[in-house]
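Coordinate inspection notes
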Amino acid sequence: MSKKNLWKKITTVLAITAVTIAGVTGCANSSGTQTEKAEENTNGNFKEFRIGCADATNNQLIDLGAVAQLNGYLEEELNKVGYIAKVIGFAGAGPEINAALMSGSLEAANYGEFPALTSKASGSDTTVIGISDSKLFYGILAGSKDIKTVKDLEGKKIVVQQGTPLQYAWEQIAQEAGIDTDKVEVINSNVADGMSLLQTKDADAVLSTLNSVENYEKKGIGYVVEQEKPVYSSTVFNISNKILKEEPQVAVAVNKALIRTYEEVIQNSQTLYDILGEKYGENGADIIQQTYTVDGSLDYLTPEFTNEFTDYIDQTYKWMKDNSIISGEVNTKEFFDGSYYEQAVKELAK
């Protein structure tokens with residue numbers, strides 16, 4: 001599919017799926033467009049399936065979720081079970097999304113495993129039923145060409161937001177590189193502020209998602225640092241158990257959309273690059289292609305609950321407990337439930 005035709009298709013889907021987000025607690029955007037399907041919903045033909053995300057500008061899901069949203073598969077599969085997708089962006093990201101889940105203002109969230117585990121440990125009645133990316137890679141942006149490798153960060157200052165996946169990623173990166181972390185000053189700040197500190201030379205490097213640091217490098221802000229081994233986190237769909245009890249096929253529908261999207265992406269990877277790269281402007285597709293094929297393929301994007309994924313979740317949960325990021329207990333085997341994915345595979349095979 002040509003890029004021109006792809007965006008024609010996306011524009012059409014956006015026109016169908018856009019919905020009003022006014023009146024939702026914690027919602028960053030308070031205006032939207034009432035669509036034909038949303039109007040049908042008010043007449044009782046569809047129930048709203050409200051999904052929170054951290055993109056308060058575009059109300060766009062993450063990774064495979066974003067592609068499934070924009071290529072129409074998510075809407076199509078949800079419609080089959082009587083629901084319409086309503087994606088809502090939150091400026092406060094994980095904490096605000098979790099608060100909305102707890103209050104019942106959302107039925108689901110598409111975000112990282114960290115806020116999902118945090119929510120569950122805090123007592124939320126939810127289940128992770130889908131995976132939108134099992135390997136969201138991280139990277140380091142340095143302010144000087146003299147910092148070529150992680151080892152070169154000894155004696156320098158790096159911005160790493162504490163209590164987040166970035167802290168966990170930094171520990172893994174440092175261990176892999178064999179550096180003395182006592183010789184590196186960690187500045188606890190978010191990525192946006194970190195980039196300002198980098199430009200004012202109050203920091204020497206910033207840790208963020210790999211696609212983010214590659215984007216900043218292309219803008220002329222710093223240089224991507226070489227790493228020994230890719231480090232990553234994951235993005236998931238965390239759904240209220242209330243809706244799972246009322247209509248479990250909603251979770252199956254989400255997985256069907258993810259599976260169909262994955263199969264399309266494997267066949268035509270440019271679809272992924274173009275859709276996810278749009279927010280980065282002219283070089284966006286190139287940035288996504290470069291940062292999403294770190295291990296040489298896109299196979300890892302599979303929404304399957306693989307042993308590698310579940311092992312990663314167990315390790316992450318242990319690290320969060322050991323570092324007092326969370327205090328409550330989580331049964332990860334029950335919380336991350338791959339049965340809805342398995343059911344979706346069976347139904348799609350019929």
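From a predicted model like this one, the values you see are computed outputs, not experimental measurements.

1. Some remarks on the overall build of the protein
A tally of helices and strands in the protein yields 16 helices and nine strands. The long-range fraction of contacts in the protein, counting pairs at least 24 apart against all pairs at least 6 apart in sequence, stands at 78%. Carbon and sulfur atoms form 44% of the exposed surface of the protein, whose accessible area is close to 15500 Å².

2. Examining the pattern of salt bridges
Where charged atoms from two side chains of opposite charge approach closely, those side chains can pair. In the structure shown here, the tally under the stated rule is twelve salt bridges. The partner of E329 in a salt bridge is K321, with the nearest N and O atoms 2.7 Å apart. The class of E329 is exposed, set by a relative accessible area of 62%. Each member of the salt-bridge network shares a partner with another, and the members are E76, E77, K80 and R260.

3. Here's the deal with helix α13 (residues 284-291)
Residues G284, A285, I287, I288 and T291 constitute the buried set of α13. Mapping the buried residues of α13 onto a view down its axis gives an arc of 160°, with all of them on the same face. Contacts from the buried residues of α13 go to β4 (126-142), α9 (210-218) and α12 (269-277).

4. Details of the pairing of strand β7 (residues 205-209)
Counted residue by residue, β7 has five buried out of five residues, so it is predominantly covered. Where β4 and β7 come together, five bridges link them in antiparallel fashion. Bridging across to β7, L141 finds its partner in V206. Bridge count for strand β5 (residues 157-159) against β7 is two bridges, and the pairing is parallel.

5. A short note on the confidence of the model for the protein
Averaged over the protein, the pLDDT score is 88; the fraction of residues at 70 or greater is 87%. Counted against residues more than four places away or in other chains, residues 1-43, with its pLDDT under 50, gives 80 contacts.

6. Re the nonpolar core
Counting residues in hydrophobic clusters, the biggest one holds 106 residues, and the most contacted among them are F49, I140, W170 and L207. Among all residues touching W170, those that are not within four sequence positions of it are I140, L153, I158, V160, I179, V184, V186 and L207.

7. Some details on the packing of helix α6 (residues 113-121) against helix α14 (residues 307-322)
At their nearest, the axes of α6 and α14 sit 11 Å apart, and the two run at 60° to each other. The angle between the axes of α6 and α14 places the two elements in the oblique class. Crossing hand, α6 versus α14: right-handed. Facing E113, F114, L117 and T118 of α6, the residues of α14 in contact are Y312, I313, T316, Y317, W319 and M320. Class assignment of the residues belonging to the contact of α6 with α14 gives a composition of seven nonpolar, two polar and one charged.

8. Points about α9
All buried positions along α9 are accounted for by L210, N211, S212, V213, E214 and N215. Elements in contact with the buried residues of α9: β4, β7, β8 (223-224) and α13. In the segment just after α9, G220 is the residue with positive phi, at about 90°.

9. Focus: the side chain of N238
Position of N238 among the secondary structure elements: in strand β9 (residues 232-240). Residue N238 is classed as buried on the basis of its relative accessible area of 0%. Only 3.2 Å separates the side chain of N238 from the side chain of T126, close enough to count as a polar contact. Not counting the four nearest positions on each side in its chain, N238 is found in contact with L101, E107, A108, A109, Y111, A116, S119, T126, T127, V128 and F335.

Each value, and the rule that gives it
- Throughout, a residue's number is its position along its own chain's written sequence, starting from 1.
- Restriction of local features to residues with pLDDT of at least 70 applies here, the model being predicted, together with a cutoff of 80 or more for giving and counting side-chain atom pairs; totals for whole chains, interfaces and linings are based on all residues.
- With hydrogens and water excluded, all non-hydrogen atoms of the structure serve as input to the side-chain values.
- Only DSSP runs of H or I reaching four residues or more are called helices, and only runs of E reaching two or more are called strands; each is numbered from the N terminus.
- Residue contacts are defined here by distance: any two heavy atoms, one from each residue, within 4.5 Å place the two residues in contact.
- For the accessible areas, the method is Shrake-Rupley and the probe is 1.4 Å, while residue cover comes only from the protein chains on display.
- For this analysis, a salt bridge means a side-chain nitrogen from Lys or Arg found within 4 Å of a carboxyl oxygen belonging to Asp or Glu.
- Only protein chains enter the accessibility calculation, which uses a 1.4 Å probe. A residue is then buried if its area is under 20% of the maximum for its type, exposed if over 50%, and partly exposed in between.
- The reported arc concerns the directions from the helix axis to the C-beta atoms and nothing else.
- Note: two strands are recorded as paired if DSSP finds a minimum of 2 bridges between them.
- Within a predicted model, pLDDT stands for the predictor's per-residue confidence, ranging from 0 to 100.
- To qualify as a nonpolar core, a set must consist of buried Ala, Val, Leu, Ile, Met, Phe, Trp, Tyr and Cys residues joined through side-chain atoms within 4.5 Å.
- Where helices are involved, their axes are fitted lines through C-alpha atoms of the stretch in contact, as for all axes, and angles between N-to-C directions lie from 0 to 180°.
- An angle below 35 degrees is read as roughly parallel, one above 145 as roughly antiparallel, one from 65 to 115 as roughly perpendicular, and any other as oblique.
- Whether a crossing is left-handed or right-handed is set by the direction in which the near helix is turned from the far one by less than a right angle, anticlockwise for left-handed and clockwise for right-handed.
- Residues were grouped as follows: Ala, Val, Leu, Ile, Met, Phe, Trp, Tyr, Cys and Pro as nonpolar; Asp, Glu, Lys and Arg as charged; and all remaining residues, including Gly, as polar.
- As used in this structure description, the phrase polar contact means that two N or O atoms lie within 3.5 Å; if the pair is within protein, one of them must be able to donate a hydrogen and the other to accept it, and residues adjacent in sequence are counted only when both atoms belong to side chains.

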